[in-house]
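The chain contents come next:
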Amino acid sequence: ATTATAQERQNLLQEYASSYHAPVMPFECLHSLLGPDYMLDDQREPNTNRIFVDATLGGGGHSLLLLSHLRQGDLVIGVDVDSDALSAASARLKDYMVTAEKGIDQQGPQFATLQCNFGEIHHDIPRLLKELGRIS
């Protein structure tokens, strides 16, 4: 398993923080979502794409951190009810954004946003995935 020093943790916090929000427990989040060896080469089977939901998008720090450890075909959906948070995170994560021009076959992992609250997420996520062509 990968163990980060205190200095590495501080550097990571600074790298992924924004004026809007600073992500907390970044290593713990990656470990929980990707497993203890998230820094090692990806051992997944080809064509095994994953979908992650950042349900408290804020400034996009956790999503940016996660996207930097994902591969092509993986998708992070950033959810927030606050339109300012969605705008700030979208600008920050523009290189990963799914757009009509790039399509769903763009290189690298992808990012999409969804404006809703927790109470509606179970309805809105399947709708978004249909719109993105991820499910039929």
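Here is a short report on the structure shown in this document. This structure is a prediction, so every number in the text was calculated from the model and none was measured.

## Here's the deal with the overall build of the chain
The helix and strand inventory of the chain stands at 5 helices and 3 strands. Its helices and strands taken in sequence order, the chain reads α-α-β-α-β-α-β-α from the N to the C terminus. Split into buried and exposed, the 136 residues of the chain put 38% on the buried side. In the chain, 65% of the contacts between residues at least 6 apart in sequence involve partners at least 24 apart. Of the roughly 7,900 Å² of accessible surface on the chain, a fraction of 53% belongs to carbon and sulfur atoms.

## Quick look at the sheet that holds strand β3 (residues 110–115)
Picture the strands of a sheet paired through backbone hydrogen bonds; they go either parallel or antiparallel. The 3 strands are arranged β1-β2-β3 in an open sheet whose pairing can be described as parallel. Bordering the open sheet on either side are β1 (51–54) and β3, each of which pairs with just one other strand. Strand-to-strand twist across the sheet, computed as the mean angle between neighbouring axes with direction ignored, equals 20 degrees. In this fold helix α4 (residues 83–92) packs onto β2 (75–80) and β3, with an angle of close to 170 degrees to the strand it touches most, β3.

## Overview of the pattern of salt bridges
Under the criterion given, the structure shown has 2 salt bridges. Among the ionic pairs, arginine 50 bridges to aspartate 74, the shortest N-O distance being 3.1 Å. With arginine 50 in the loop between α2 (26–34) and β1 and aspartate 74 in the loop between α3 (61–67) and β2, this residue pair connects regions lying 24 residues apart in the sequence. The class for aspartate 74 is buried, based on a relative accessible area of 0%. Residue aspartate 124 is joined to arginine 127 by a salt bridge in which the shortest nitrogen-to-oxygen separation is 3.6 Å. Of the two residues, aspartate 124 and arginine 127 are both situated in helix α5 (residues 121–131); the distance of 3 residues between them amounts to about one turn of the helix. Since its relative accessible area comes to 15%, aspartate 124 is described here as buried.

## Some remarks on α2
When we look at burial in α2, the residues that qualify are Pro26, Phe27 and Leu30. For α2, the angular spread of buried residues about the axis comes to 100 degrees, placing them on one side. Glycine 35 lies just past α2 and shows a positive phi near 100 degrees.

## Some remarks on the pairing of β1
Regular strands place side chains that alternate from one sheet face to the opposite one. In β1, alternate side chains face the same way, and those of Phe52 and Asp54 are buried while those of Ile51 and Val53 on the opposite face are not. Pairing between β1 and β2: 4 bridges, direction parallel. Within β2, the position partnered with aspartate 54 by the bridge is glycine 78. Remark: the β1/α3/β2 crossover connection has right-handed handedness.

## Quick look at the nonpolar core
A general tendency of soluble globular proteins is for nonpolar side chains to be buried together. The biggest cluster of nonpolar side chains holds 14 residues, and the ones touching the most others in it are Leu66, Leu67, Leu70, Val76 and Phe111. Of all elements in the fold, only α3 and α4 reach the threshold of two or more residues within this core. Non-local contacts of phenylalanine 111, meaning those with residues more than four positions away in its chain, are made with Leu57, Ser63, Leu67, Leu75, Val76, Gly78, Leu93, Tyr96, Met97 and Val98. Residues Ile77, Val98, Leu114 and Ile121 belong to the second largest nonpolar core, which totals 12 residues.

Conventions and cut-offs
- Each residue is numbered by its place in its chain's sequence as written, counting from 1.
- Side-chain atom pairs in this predicted model are given and counted only at pLDDT of 80 or more, local residue features only at pLDDT of at least 70, and totals for whole chains, interfaces and linings cover all residues.
- For side-chain calculations, the full set of non-hydrogen atoms in the structure is used, while hydrogens and water are omitted.
- What counts as a helix is a DSSP run of H or I of at least four residues, what counts as a strand is a run of E of at least two, and both are numbered from the N terminus.
- Note on classification: 1.4 Å probe, protein chains only; a residue is buried when its accessible area is under 20% of the maximum for its type, exposed when over 50%, partly exposed between these limits.
- Every residue pair with non-hydrogen atoms within 4.5 Å of one another is taken to be in contact.
- For the area figures, the Shrake-Rupley method with a 1.4 Å probe applies, and any residue is considered shielded solely by the protein chains shown.
- Whether two strands pair comes down to DSSP finding at least two bridges between them.
- Angles run from 0 to 180 degrees between N-to-C directions of axes, and those axes are lines fitted to C-alpha atoms, restricted for helices to the stretch in contact.
- Salt bridge, as used here, is a side-chain nitrogen of Lys or Arg placed within 4 Å of a carboxyl oxygen of Asp or Glu.
- Note: the arc covers the axis-to-C-beta directions of the helix.
- Crossover handedness is defined here as right-handed if the route from the first strand over the helix to the second strand goes clockwise, with the strands pointing away from the viewer.
- Residues enter a nonpolar core if they are buried and are Ala, Val, Leu, Ile, Met, Phe, Trp, Tyr or Cys, with the set joined through side-chain atoms within 4.5 Å.

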